[in-house]
Amino acid sequence: MSASVLKTSVNTKSPDFEKNQRRIIDLLTQIKNEEEQIRQGGGRKAIEAQHKKGRLTARERIAKLIDPGSQFFELGVFAAFEMYEEWGGAPAAGTITGLAKVCGRTFILIANDATVKAGAFFPMTAKKVIRAQNIAIESHIPTIYLVDSAGIFLPLQEDVFPDTDDFGRVFRNNAVMSAMGIPQITAIMGMCVAGGAYLPVMCDHILMTEGSGLFLAGPALVQAAIGQKTSAEDLGGAKMHAQISGTVDFREPDDDACLKRIRALTDKMGAPNPSPFSHTKSGDPLQRADEIYGIFSSDPARQYDMREIIARIVDASEFEEYRAEYGETVLCGYARIGGWAIGIVANQKKHVQTLARGSDQKRMEFGGVIYTESAEKAARFILDCNQNRIPLVFLHDVNGFMVGKDAEWSGIIRAGAKMVNAVSNSVVPKIAVICGGSFGAGHYAMCGKAYDPRFIFAWPTARYAVMSGDSAAGTLVEIKLKQLEREGKKVDEKQKKELYESVRATYEHQTDPRYAAARLWVDAIIDPAQTRDALIWALEAAALNPEVREFRTGVLQT
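Report on the accompanying structure. These numbers were taken from a predicted model, which means no experiment stands behind them. (Residues numbered from 1 in each chain as written. Predicted model: local features only at pLDDT ≥ 70, side-chain atom pairs only at ≥ 80, totals over all residues. Heavy atoms only, no water.)

1. A word on the layout of surface pockets
At step 1: Of the pockets and cavities examined, the second largest pocket occupies roughly 490 Å³.
At step 2: Lining the second largest pocket are 24 residues; nearest its centre among them are E35, R39, Q71, E74 and Q530.
At step 3: Looking at the lining of the second largest pocket, the elements that each hand over two or more residues are α1 (15–38), α3 (58–65), β1 (73–75), β20 (524–525) and α20 (531–542). (1 Å grid on protein atoms, 1.4 Å probe; cavity = no way out; pocket = protein on both sides within 12 Å on 5 of 7 lines; lining within 4 Å. Points joined across faces, edges and corners; volume = space filled by probe spheres on them. Helix = DSSP H or I, 4+ residues; strand = E, 2+ residues; numbered from the N terminus.)

The structure is reproduced here in structure tokens:
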């Protein structure tokens, strides 16, 4: 056995293992049930209405478009979760996005779900489409749009129309992607009206099915605006655009024919440029992925060894650990996933006994906390991965940076700034997985959403906030009590407890990964046992961009 193969010492029969396993399986069951409900879109009646028009639903279209037997790796399924309830909700934000194989090639798919408010754009719909486009732009992923949308959801137009991450950005991105040479194919498979009509016309290929409509203004609006009476077909039907305006490239009789045509076009696209990243034959981990359920503990008071998680994700369970005896609360090392060479930066949740900086005094370092030495090690490792064109994977379970006099004297702020600087200026693809807590500046240093990860995934156990629920509740309640005291109000112990529980419940709800996924702070909530599969999708997509900028950092405080 190679020295770099991670050995396991997990006892799968222990009470802790079984307790952890039950908790994650319960969370997964709940999330998967909610996902299934979201995938019903606007519900049975809306699906039947779509079928009566002779059209497939968005999910049916995707299933027929992708390669037989292949998986659709969906992104943003929880977008708009528990939002817009006063309007009846918007499951998955009324649009479906994700990665798929079409004729053996990786594509981003973006499909309007006409069963949800006729495919209208809510604020989160625009943001979800833009997020998918940004992924395509960053990784040069060819993109297919399946358009079936009534345009902007007018009651919320002020939050959909004007800003840089609103509706108009979609068409701007179409133009930018085209200029970058990223292939875009659009199929109009229903309504495509108003500003939304620009999306297909700014793509490389335009297909349109019979019975669909493409116009800047529908018949009713045309009559109101200029007094002209016309039918939808004459105004902007498939035949008119194929024969008269010359806007569409292919007129198709129905959805099935249209999807076959898309596959025929993708089959003839030129090959992507070679990847700049190292890739070899893949090898399965030596340990079972589903054992992650029992190994991982979301209890802040309990320890676990992050190496045991890594052993169940990387090829052949091989991990070349970098500076293994220094800064031990952050693990750094080289591995392969799906054959792709990667660098891993992971929070270690085991407590570590070490020597205090600059002395021979022993001290205990707490797992999940970034100390000066671990920040410096991580910063140096990130620089090395950029120097050698190695994509980075960050595994989060971080409470934040160490605080206190000893930490300040050791230069924790300076060391943390080095790590943040290295992450900020990194030019290789970065992929983040939030396994447990991801709190405060630790979230930033570990490549949180603000630091441009190509993809960011969360386990059901993820918690995502400035600080943990208990800490935040204690702080917020203390502030509230002082405010009440200033107002001359007395609060007894029972009221204090009720206030604490109320604040804690609200805060805990906001740290839930579904709350984050609803707002697109994470791209997908993934099954921990399928982390390797998600990372392979992400690495394969990221490798499509052959361009790696020159790596430069800002000023490093040494």
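2. A word on the pattern of salt bridges
At step 1: Enumeration over the complete set of coordinates arrives at 30 salt bridges.
At step 2: Of the charged contacts in the structure, one is a salt bridge between R302 and D16, with a shortest N-O distance of 3.3 Å. Here R302, found in the loop between α11 (292–295) and α12 (306–310), pairs with D16, found in helix α1; they are 286 residues apart in sequence, far enough to count as distant.
At step 3: Judged by its relative accessible area of 34%, R302 falls in the partly exposed class. (Salt bridge = Lys/Arg side-chain N within 4 Å of Asp/Glu carboxyl O. Buried < 20%, exposed > 50% of the residue type's maximum accessible area, 1.4 Å probe, protein only.)

3. Quick look at the nonpolar core
At step 1: Counting residues in each nonpolar core, the largest one holds 107 residues, and the members touching the most others are I309, I310, I344, L395, F455 and F457.
At step 2: In terms of residue count, the dominant contributor to this core is helix α4 (residues 123–139) (8 residues).
At step 3: A379, L392, I412 and V428 belong to the second largest nonpolar core, which has 27 residues in total. (Core = buried A, V, L, I, M, F, W, Y, C linked by side-chain atoms within 4.5 Å.)

4. Things to note about the state of the cysteines
At step 1: Per the counting criterion, the structure on display carries 0 disulfides.
At step 2: Considering cysteine sulfurs only, C258 is the nearest to C103, which forms no disulfide, with 14 Å between them.
At step 3: With relative accessibility at 29%, the residue C103 sits in the partly exposed group.
At step 4: C192 supplies the cysteine sulfur nearest to C203, a cysteine that is in no disulfide, at a spacing of 9.8 Å.
At step 5: Using a relative accessible area of 10% as the deciding quantity, one classes C203 as buried. (Disulfide = S-S within 2.5 Å.)

5. Section: the pairing of strand β13 (residues 362–365)
At step 1: Note: strand β12 (residues 352–355) against β13, 4 bridges, orientation antiparallel. Paired with Q353 across the bridge in β13 is M364. (Pairing = 2+ DSSP bridges.)

6. Considering empty space enclosed by the protein
At step 1: The tally for this structure, following the rule as stated, stands at 3 cavities of 30 Å³ or more.
At step 2: Taken as a whole, the largest cavity encloses approximately 130 Å³ of empty space.
At step 3: Around the largest cavity, the lining comprises 16 residues; the ones closest to its centre are N112, F121, V147, S149 and L199.
At step 4: Broken down by secondary-structure element, the contributors of at least two residues to the lining of the largest cavity are β3 (105–112), β4 (143–149) and β5 (184–193).
At step 5: The class makeup of the residues in the lining of the largest cavity is 11 nonpolar, 5 polar and no charged.
At step 6: Estimates place the volume of the second largest cavity at around 50 Å³. (Nonpolar A, V, L, I, M, F, W, Y, C, P; charged D, E, K, R; others polar.)

7. Re unusual backbone geometry
At step 1: Within the chain, K117 stands out as a residue other than glycine whose phi angle is a positive 50°.
At step 2: Here K117 is to be found in the loop between β3 and α4.
At step 3: What makes K117 partly exposed here is its relative accessible area of 33%.
At step 4: Phi at A316 is positive, roughly 55°, even though this residue is not glycine.
At step 5: Its place among the elements puts A316 in the loop between α12 and β9 (320–321).

8. Observations regarding the packing of aromatic side chains
At step 1: For the structure shown, the criterion picks out 17 aromatic pairs.
At step 2: Centroid distance Y84 to F122: 4.9 Å. Interplanar angle 40°. Geometry classified as tilted. Placement of the pair is Y84 in the loop between β1 and β2 (95–102) and F122 in the loop between β3 and α4, with a sequence separation of 38 residues. Each of the two residues, Y84 as well as F122, counts as buried.
At step 3: Aromatic pair F171 and Y198: ring centres 6.5 Å apart, planes at 55°, arrangement tilted. Of this pair, F171 sits in helix α5 (residues 167–179) while Y198 sits in helix α6 (residues 198–201); the two residues are 27 residues apart in sequence, bridging distant segments of the chain.
At step 4: Given the relative accessible area of 12%, F171 is considered buried.
At step 5: Judged by relative accessible area, Y198 falls into the partly exposed class, the value being 44%.
At step 6: The rings of F73, F455, F457 and W537 are connected pair by pair, giving a single aromatic cluster.
At step 7: Stacked on the ring of Y515, the Lys or Arg R519 has its end atom at 3.5 Å from the ring centre. (Phe/Tyr/Trp six-rings, centres within 6.5 Å; stacked < 30°, edge-to-face > 60°. Lys NZ or Arg CZ within 6 Å of the ring centre and 35° of its normal.)

9. As for the pairing of β4
At step 1: Counting buried residues along β4, 7 of its 7 residues qualify, which places the element largely inside the surrounding structure.
At step 2: With burial as the criterion, each face of β4 is covered, one bearing T143, Y145, V147 and S149 and the other bearing I144, L146 and D148.
At step 3: Judged from the 4 bridges that link them, β3 and β4 form a sheet pairing that is parallel. Note that in β4 the partner of I108 across the bridge is T143.
At step 4: Handedness of the β-α-β unit built from β3, α4 and β4 comes out right-handed.
At step 5: Taken together, the 6 bridges between β4 and β5 define a ladder with parallel strand orientation. Paired with V147 across the two strands is I188, which belongs to β5.
At step 6: A crossover links β4 with its parallel partner β5, the connecting element being α5, and its sense is right-handed. (Right-handed = clockwise from strand over helix to strand, strands pointing away.)

Function-wise, these values are silent; they only describe arrangement.
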